[in-house]
Number of protein chains: 2
Amino acid sequence: MSYYRVGHELLRELCEESFARVGFTKDESKIITDVILLSDLYGIESHGVQRMAMYHNGIKSGMMKVGVEPEVLFETPLSATIDARSAMGQLAAHKGMSMAIDKAEKSGMGMVVVKNSNHFGIAGYYAKMASDKGILGLSFTNSGAIMVPTFGRLPMIGSNPIACAMPAHPHDFFFDASTTVVTHGKLEVYKKLDKPLPEGWTIDEKGQGTDNAAKVIENIAEKKGGGILPIGGSGEVHGGHKGYGYGMIAEIFSSIMAMGMTSNYCLRDGVDGCSHGFVAIDPGMFGDREDIRNHLSAYLQEIRSSEKAQGAQRIYTHGEKEAEAMRDRMENGILINKGTLEELEEICSLRRGDVSSVL
Amino acid sequence: MSYYRVGHELLRELCEESFARVGFTKDESKIITDVILLSDLYGIESHGVQRMAMYHNGIKSGMMKVGVEPEVLFETPLSATIDARSAMGQLAAHKGMSMAIDKAEKSGMGMVVVKNSNHFGIAGYYAKMASDKGILGLSFTNSGAIMVPTFGRLPMIGSNPIACAMPAHPHDFFFDASTTVVTHGKLEVYKKLDKPLPEGWTIDEKGQGTDNAAKVIENIAEKKGGGILPIGGSGEVHGGHKGYGYGMIAEIFSSIMAMGMTSNYCLRDGVDGCSHGFVAIDPGMFGDREDIRNHLSAYLQEIRSSEKAQGAQRIYTHGEKEAEAMRDRMENGILINKGTLEELEEICSLRRGDVSSVL
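**Student:** How would you sum up the overall build of chain A? Please name residues and give values.
**Tutor:** For chain A, the helix and strand inventory stands at 11 helices and 13 strands. Taken over C-alpha atoms, the radius of gyration comes to 20 Å for chain A, in line with the 21 Å a tight globule of 359 residues would show. Taken over the C-alpha atoms alone, chain A extends approximately 50 × 50 × 50 Å along its principal axes. The burial tally for chain A puts 62% of its 359 residues in the buried class. For chain A, long-range pairs separated by at least 24 residues make up 67% of all intrachain contacts whose partners lie at least 6 apart in sequence. Accessible surface, chain A as shown: approximately 13200 Å² in total, 49% of it carbon and sulfur. Across chain A, 37 positive and 46 negative side-chain charges occur, with their mean positions spaced 3 Å apart.

Okay, structure coming up:
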């Protein structure tokens, strides 16, 4: 696939304008764009501007509402429950994590759950909001069901990512991953390339392993059965029941606590309705913040410099790839593929003259 | 292997006596025994009375100290940091989770971390302490390094389990799993049976896949390199970096926050030194506790009664197998194998007349 580079400042400006044009305030447009662009800056193409078309379609269809204010239904000094009222997921989630961080800064811990929301981009963005303030952040979301529980045939659980960010030198620990073996976006890539899927990723409508990406995507969309396996794969031999358990933990920290729709009800009849959960924990509750940061930093360094497997080049710690991608994208521009370029020409008035071809 | 059944009340009495005999108070002996027996009652043989010999050896060698009181080093209304001072892990952990629950009952949330501890049994015991009170419980521990980070050759991370328990009908959600593909105990079983390990479980001293359980166990013990893979297996194709990330989260919630030894320093020179973390969160901070419990119960029921994969008999939700094992063991006695029976004859004066042979 052909790839292009676009300066991150220009791309930011154009995305913000596109959201302002459909009715979001300047501040709202900035938040939505910032979440989307962090994904691209971190090298996570799937959740970056390649989703601009999805968001604008969702806004057009009324799935994502413009001009609604997420409502705080219930609040305590340490917690809150928010009804997003079908606002953009990024706006509801940004509000949720901001409140959790405020509470943690005042009291040591904060947890906020959000229901009736929409796709919120990368879960890690919100965890990072906390680590940027020197605080441990956790972020959870449920989503339309794509994960089939161990021994099941039907998807009952979403991709349900869990993200965790914690202050460290030279860059924060940053973990953000779906609790499925792979994301739906990865299947889309295999479908485009017409490549067979690795064994242990997906199952067909009978609950048997399949390598046919197109078929799995169609089955999920048409709710015929089959879907993506939890981390650990099929059955229990490689811990599939563990991945299924992590998916359930994400569900408990989002839809269950928020009394929102569970994954098996999300994304039906033109409504997303997903839920999120945000936790902020001040390490200063346990000792000296800087000591704790240094302690984690030393451990991460020991892991990175430990001996490699024969044939391996490098051991990464979580957040390292993202920090490197960020440096590259800030300097050389954000990487977008041809399909995304064409979409952005339409949505954002991005012009061919603004980009340079790289691959 | 031959199996026997022993009544749980008799076994409890004998285990308590064995701890009292080496100097623990009556209350301490009760707590240690309760943690060990819950594992057997839940059908988790690896962490039950088959570990009695390990604990008594640890007490004899001085790794686990009798008569020391875990010390609270730092405390806030929501948090505490405890120095276990090499006490039995069960005692330090029971104190830690009790404090976290107290704090959650007063303020909504509580988190306590423990350092300089010892093996604490099943992580799930402490999560269950919270769910028994109608509260969400999380429990983490690090441990002697057995997990090799993605692309590495040396174990740098422990089995690092994460446990989560949350109130539900007809039984609580109960998840307790190492963040490695399998536990060290599972390798021991394969070694005893002289069976080749499934692909994707372990790597040898060069960082390459191996099916030789005896060799991996020896390599871990002698720190020659190689060990158990994270959930998701080798490399990144099946999400090995995710399992490695979950292991790191357990590390952050235990040794990092507690300023304790990281896994790569645990279990050296006759000192365990592991750390634990306990979180209690009152669902009442987000809405009505009973509504939330019912919401989770309904979702679990929907998953259990969803369609099965072709050839599969049943879909389990987490905690179901444990609840069934508990009913069986309470009624028919705890299952112990021949080797454990012989150990218990020595440690606990268990007599052949007390057991019935079953297999």
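**Student:** Pulling in residues and values, what's your account of the relation of the copies chain A and chain B?
**Tutor:** Note on the identical chains: chain A maps onto chain B by a rotation of 180° and an axial translation of 0.0 Å, with an RMSD of 0.0 Å. Expressed as an axis order, the relation between the two copies is that of a two-fold axis. Scanning chain A for the C-alpha nearest the rotation axis identifies Gly232 of chain A, at a separation of 2.6 Å. In this assembly, 100% of the residues forming the interface of chain A have copies in chain B that are likewise at the interface, indicating an isologous arrangement.

**Student:** Lay out the packing of helix α1 (residues 8–21) of chain B against helix α2 (residues 26–41) of chain B in plain terms, naming residues and giving numbers.
**Tutor:** Residue and element names in this part refer to chain B. Two elements in contact, α1 and α2, have axes whose closest approach is 9 Å; the angle formed by their N-to-C orientations is 140°. With respect to α2, the axis of α1 lies oblique. The crossing of α1 and α2 is right-handed. Facing His8, Leu11, Arg12, Cys15, Glu16, Phe19 and Ala20 of α1, the residues of α2 in contact are Ser29, Lys30, Ile32, Thr33, Asp34, Ile36, Leu37 and Leu41. Along the lines of polarity and charge, the residues of the contact of α1 with α2 split into eight nonpolar, three polar and four charged.

**Student:** Residues and numbers for the sheet that holds strand β4 (residues 109–117) of chain B, please.
**Tutor:** Spatial strand order, β2-β3-β4-β11-β5-β6-β7 (chain B): seven strands in an open sheet with mixed pairing. Every other strand in the sheet has two partners, leaving β2 (71–76) and β7 (173–177) of chain B as the edge strands with one partner each. Going across the sheet, the axis of each strand differs from the next one's by a mean of 10°, ignoring polarity. Contacts from helix α8 (residues 240–258) of chain A reach β5 (136–141), β6 (162–166), β7 and β11 (274–281) of chain B, with the element oriented near 135° to β7 of chain B. Of the strands in this sheet, β2, β3 (79–83), β4, β5 and β11 of chain B are in contact with helix α4 (residues 89–107) of chain B, which crosses β4 of chain B at around 165°.

**Student:** Which residues make up the pairing of strand β11 (residues 274–281) of chain A, and what values do they have?
**Tutor:** Residues and elements named next belong to chain A. Within β11, eight of the eight residues are buried, leaving the element largely enclosed by the surrounding structure. The side-chain alternation of β11 yields two buried faces, one formed by Cys274, His276, Phe278 and Ala280 and the other by Ser275, Gly277, Val279 and Ile281. Where strand β4 (residues 109–117) and β11 come together, seven bridges link them in antiparallel fashion. Counted as the bridge partner of Met109 is Ile281 from β11. Relative to β11, strand β5 (residues 136–141) runs antiparallel, the two sharing six bridges. Paired with Gly137 across the bridge in β11 is Ala280.

**Student:** Explain the packing of aromatic side chains to me, using residue names and the numbers behind them.
**Tutor:** For the structure shown, the criterion picks out 19 aromatic pairs over all chains. Pairing Tyr246 of chain A with Phe175 of chain B gives two aromatic rings, centres 5.3 Å apart and planes at 65°, and the pair type is edge-to-face. Here Tyr246 of chain A is found in helix α8, whereas its partner Phe175 of chain B is found in strand β7 on a different chain. Accessibility assignment for this pair places Tyr246 of chain A and Phe175 of chain B in one class, buried. Here the aromatic cluster, defined as three or more aromatic residues joined through ring pairs, consists of Phe120, Tyr125, Tyr126 and Phe278 of chain A. The lysine or arginine in question, Lys321 of chain A, covers the ring of Tyr316 of chain A, its NZ or CZ lying 4.6 Å from the ring centre.

**Student:** Describe unusual backbone geometry, naming the residues involved and giving the relevant values.
**Tutor:** Residue and element names in this part refer to chain A. Going from His169 to Pro170, the amide bond is cis rather than trans, its omega being -10°. Along the chain, the position of Pro170 falls in the loop between β6 (162–166) and β7 (173–177). Phi at Ser86 is positive, roughly 65°, even though this residue is not glycine. Here Ser86 shows up in the loop between β3 (79–83) and α4 (89–107). Exposure remark for Ser86: the relative accessible area of 17% places this residue in the buried category. Backbone geometry places Leu267, a non-glycine residue, at a positive phi of 55°. Following the sequence through the fold, Leu267 ends up in the loop between α8 and β11. We classify Leu267 as partly exposed; its relative accessible area is 45%.

**Student:** Just give me the short version of the interface of chain A and chain B, but keep the residues and values in it.
**Tutor:** On the side of chain B, 90 residues touch chain A, which itself brings 90 residues to the contact. Each partner contributes to the roughly 7400 Å² buried at the junction of chain A and chain B, and carbon and sulfur atoms together form 69% of this total. The largest per-residue losses of area from chain A upon contact with chain B belong to Met257, Phe286 and Tyr299 of chain A, which jointly make up 10% of the total buried on that side. Linking chain A with chain B are four salt bridges, by the criterion used here. Elements represented by at least two residues in the side of chain A that touches chain B include exactly β2 (71–76), β3, β4, β5, β6, β7, α8 and α9 (289–304) of chain A. Of the residues contributing to the side of chain A that touches chain B, the split by class is 49 nonpolar, 29 polar and 12 charged.

**Student:** Describe the nonpolar core, and please don't skip the residues or the numbers.
**Tutor:** Judged by nonpolar contacts, the single largest core of 76 residues is most densely connected at Phe173 and Ile281 of chain A together with Phe173 and Ile281 of chain B. Beyond its immediate sequence surroundings of up to four residues, Ile281 of chain A is in contact with Ala104, Gly108, Met109, Ile135, Leu136 and Phe286 of chain A together with Met111, Phe253 and Met257 of chain B.

**Student:** Before we move on, can you summarise the packing of helix α2 (residues 26–41) of chain A against helix α5 (residues 124–131) of chain A with the specific residues and values?
**Tutor:** All names here are of chain A. It is at 10 Å that the axes of α2 and α5 come closest, and there the two elements cross at 100°. When the axes of α2 and α5 are compared, the pair comes out roughly perpendicular. Every residue of α5 that contacts α2 at Asp34, Val35 and Leu38 is listed here: Tyr125, Tyr126 and Lys128. Residue composition of the contact of α2 with α5, by class: four nonpolar, no polar and two charged.

**Student:** Can you break down the domain arrangement of chain A residue by residue, with the values?
**Tutor:** In many reports, interface size means the accessible area that the parts give up when they come together. Residue and element names in this part refer to chain A. When cut into domains, chain A gives domain 1 (1–61 + 323–359), domain 2 (71–178 + 239–305) and domain 3 (182–228). Taken over C-alpha atoms, the centre of domain 1 sits 24 Å from the centre of domain 2. Residue-level contacts link 18 residues of domain 1 with 13 residues of domain 2. For the pair domain 1 and domain 2, the summed buried surface comes to about 1400 Å²; carbon and sulfur atoms form 80% of the total. Contact with domain 2 buries area across many residues of domain 1, yet Ile31, Val35 and Tyr55 alone supply 36% of it, more than any other trio. Seen at the junction of domain 1 and domain 2, the total is zero salt bridges. Viewed at the interface, domain 2 and domain 1 are joined by five residue pairs in polar contact (both at pLDDT 80 or more). Of all the elements in the fold, those that place two or more residues in the side of domain 1 that touches domain 2 are α2 and α3 (52–61). No other element matches α2, which puts eight residues into the side of domain 1 that touches domain 2. Broken down by class, the residue content of the side of domain 1 that touches domain 2 amounts to 13 nonpolar, two polar and three charged.

Thresholds applied
- Residues numbered from 1 in each chain as written.
- Chains lettered and ligands numbered in written order.
- Predicted model: local features only at pLDDT ≥ 70, side-chain atom pairs only at ≥ 80, totals over all residues.
- Heavy atoms only, no water.
- Helix = DSSP H or I, 4+ residues; strand = E, 2+ residues; numbered from the N terminus.
- Rg over C-alpha atoms; globule rule 2.2 N^0.38 Å.
- Buried < 20%, exposed > 50% of the residue type's maximum accessible area, 1.4 Å probe, protein only.
- Contact = heavy atoms within 4.5 Å.
- Areas by Shrake-Rupley, 256 points an atom, 1.4 Å probe, with all protein chains shown as cover.
- Lys, Arg positive; Asp, Glu negative; His and termini not counted.
- Charge placed at Lys NZ, Arg CZ, Asp CG, Glu CD.
- Least-squares fit on C-alpha atoms with pLDDT ≥ 70 in both.
- Axes fitted to C-alpha atoms, helices over the stretch in contact; angles between N-to-C directions.
- Parallel < 35°, antiparallel > 145°, perpendicular 65-115°, else oblique.
- Left-handed = near helix turned anticlockwise from the far one by under 90°.
- Nonpolar A, V, L, I, M, F, W, Y, C, P; charged D, E, K, R; others polar.
- Pairing = 2+ DSSP bridges.
- Phe/Tyr/Trp six-rings, centres within 6.5 Å; stacked < 30°, edge-to-face > 60°.
- Lys NZ or Arg CZ within 6 Å of the ring centre and 35° of its normal.
- Buried area = accessible area lost by both parts, 1.4 Å probe.
- Salt bridge = Lys/Arg side-chain N within 4 Å of Asp/Glu carboxyl O.
- Core = buried A, V, L, I, M, F, W, Y, C linked by side-chain atoms within 4.5 Å.
- Domains from an automatic or database assignment.
- Polar contact = N/O pair within 3.5 Å; in protein donor to acceptor, adjacent residues only side chain to side chain.

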